[in-house]
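Given next are the chains, with one letter for each unit.
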Amino acid sequence: QVHLAESGGGVVQFGGSLRLSCAASGSTIRNYEMAWFRQAPGKEREFVAASRRTSHTYYSDSVKGRFTISRDNVKNTVYLEMGALKPEDTATYYCSAGQPVLSSIRDPNLYFNWGQGTQVTVSS
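Residues numbered from 1 in each chain as written. Predicted model: local features only at pLDDT ≥ 70, side-chain atom pairs only at ≥ 80, totals over all residues. Heavy atoms only, no water.

The next subject is the nonpolar core. Counting residues in hydrophobic clusters, the biggest one holds 27 residues, and the most contacted among them are Trp-36, Leu-80, Met-82 and Tyr-93. Residue contacts for Leu-80: discarding those within four places in its chain leaves Leu-18, Arg-19, Leu-20, Trp-36, Val-48, Ala-49, Phe-67, Thr-68, Ile-69 and Tyr-93. (Core = buried A, V, L, I, M, F, W, Y, C linked by side-chain atoms within 4.5 Å. Buried < 20%, exposed > 50% of the residue type's maximum accessible area, 1.4 Å probe, protein only. Contact = heavy atoms within 4.5 Å.)

Here we take up the sheet that holds strand β3 (residues 18-25). If you walk across this open sheet you meet the four strands as β1-β3-β8-β7, and the pairing is antiparallel. The open sheet has two edge strands with one neighbour each: β1 (3-7) and β7 (67-72). Sheet twist, expressed as the average angle between the axes of neighbouring strands with direction ignored, equals 15°. Two elements, β7 and strand β8 (residues 77-82), share six bridges in a ladder whose sense is antiparallel. (Pairing = 2+ DSSP bridges. Helix = DSSP H or I, 4+ residues; strand = E, 2+ residues; numbered from the N terminus. Axes fitted to C-alpha atoms, helices over the stretch in contact; angles between N-to-C directions.)

This is the structure:
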């Protein structure tokens, strides 16, 4: 089982940037598809980005072109570079690990390890 710990959240102004980190322990991320999800108050958990073991990446339409997911298998860490941030990006961001097939990579129910989340607030 892999344990995940997110960091890097904070308050940023409209148009600003942040980098989130997800440090894994207990197992290597080489064995998992890794993803970021986010959840705003009163809303369902939403897919943001995924990095497959093949290093292929996938994004939601709402963040494509602004966010970049990457993984460092040596450091056992996954990153989410966020740019051109908007108030609607405000949410708690969660790192997750799982083994979903490609067609289900956006389904949070198929990820079995989650971090505690890190808050991102974008002010207008």
